[in-house]
Amino acid sequence: RCSRKGLEEVLQVGGRSVSSPVAQDRLMEDIRKNTTISSPRPDLVQIDYRDSDPERAYRVTEAFGALFIQETLATKERESREAYEFIDKQVRDYHTKLLDAERNLQDYRSHNADAQPGSATDVNARITSLRSQVEQARMALKDVARKQAHAAALRLFLAAFQLAMYSVMRGIRS
């Protein structure tokens, strides 16, 4: 479907003069009715226009072809520009995100000495040391628990011994 502006250009090329806007509208409608634009193949556009004057039919058809090419090029240019602007915006956004991530990494590394590059060996040594300390604490806790159990057994034995001594002493006094 051709725009009004396009049809006005086709009217001028076709050499038709009009006296009023109503006559112009009637003529544009006549051109629309006598024009068929199709695409028999994906890479081909076919424009058919019927007119009583063969020369005018040629000029109108040629004008439609030129208009189609002009509009197609303008559309492609606009789409290319929009794609470029979109990609450029994406690149700028990712650049900003990358700078933020690098700044956050730098902040993290400055606050966490273990996160410095090349400190993986130090981190592994620290982990091994902490595991060793945990194991030593576990062993010490088991030793304390064993000693507490031994002390409880001794207290029980002492209480039983005292009770037996009390019974023996009472038997001697009676």
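In the block above lies the structure referred to throughout.
What counts and how
- Residues numbered from 1 in each chain as written.
- Predicted model: local features only at pLDDT ≥ 70, side-chain atom pairs only at ≥ 80, totals over all residues.
- Heavy atoms only, no water.
- Helix = DSSP H or I, 4+ residues; strand = E, 2+ residues; numbered from the N terminus.
- Buried < 20%, exposed > 50% of the residue type's maximum accessible area, 1.4 Å probe, protein only.
- Contact = heavy atoms within 4.5 Å.
- Phe/Tyr/Trp six-rings, centres within 6.5 Å; stacked < 30°, edge-to-face > 60°.
- Expected span 1.5 Å × (residues − 1).
- Arc of directions from axis to C-beta.
- Core = buried A, V, L, I, M, F, W, Y, C linked by side-chain atoms within 4.5 Å.

Enquirer: Hey, could you run me through the overall build of the protein in this one?
Expert: Check the secondary structure of the protein and you find four helices and two strands. Secondary structure elements in the protein, listed N-terminal to C-terminal, are α-α-β-β-α-α. Counting only C-alpha atoms, the protein reaches 155 × 45 × 35 Å along its principal axes. Taken across its 174 residues, the protein has 13% of its residues classed as buried. Long-range contacts, defined as pairs at least 24 residues apart, comprise 37% of the intrachain contacts of the protein with a sequence gap of at least 6.

Enquirer: Looking at this model, I keep getting lost on the side chain of Gln 24. Mind explaining?
Expert: Secondary-structure assignment places Gln 24 in helix H2 (residues 21–33). Leave out the neighbours within four places in its chain, and Gln 24 touches Glu 8, Leu 11 and Val 18.

Enquirer: Just to check I follow, could you spell out the packing of aromatic side chains for this structure?
Expert: What describes a pair of aromatic rings is the distance from one ring centre to the other and the angle between the planes of the rings. Taken as a whole and judged by the stated rule, the model has one aromatic pair. Judged by centre distance (6.5 Å) and plane angle (20°), the ring pair of Phe 157 and Phe 161 falls under stacked. Taken as a pair, Phe 157 and Phe 161 lie in helix H4 (residues 120–173) at a separation of four residues, close to a single helical turn. Look at Phe 157 and you get exposed, because its relative accessible area is 58%.

Enquirer: Teacher, can you tell me more about H2 here?
Expert: Note on helix geometry: an α-helix contains 3.6 residues per turn, so any two residues three or four positions apart are oriented the same way. Taking 1.5 Å as the rise per residue, H2 with 13 residues should run 18 Å; its terminal C-alpha atoms sit 18 Å apart, in good agreement. All of the buried residues along H2 are Gln 24, Leu 27, Met 28 and Ile 31. All buried residues of H2 project into a common sector of 100° when viewed along the axis, lining one side. Opposite the buried face of H2, by more than 90 degrees, sit the exposed residues Val 22, Arg 26 and Lys 33. Where the residues of H2 are buried, they touch helix H1 (4–14), strand S1 (35–41), strand S2 (44–49) and helix H3 (54–111).

Enquirer: What should I look at first to understand the nonpolar core in this one?
Expert: One broad trend across soluble globular proteins is that nonpolar side chains are buried collectively. In terms of nonpolar packing, the biggest core is built from 14 residues, with Leu 7, Val 10, Ile 31 and Phe 64 touching the most fellow members. At the level of secondary structure, the elements contributing two or more residues to this core comprise H1, H2, S2 and H3. If you tally residues by element for this core, the top one is H3, at five residues. Val 10 has contacts with Ile 31, Val 60, Ala 63 and Phe 64, leaving out every residue within four places of it along the chain.

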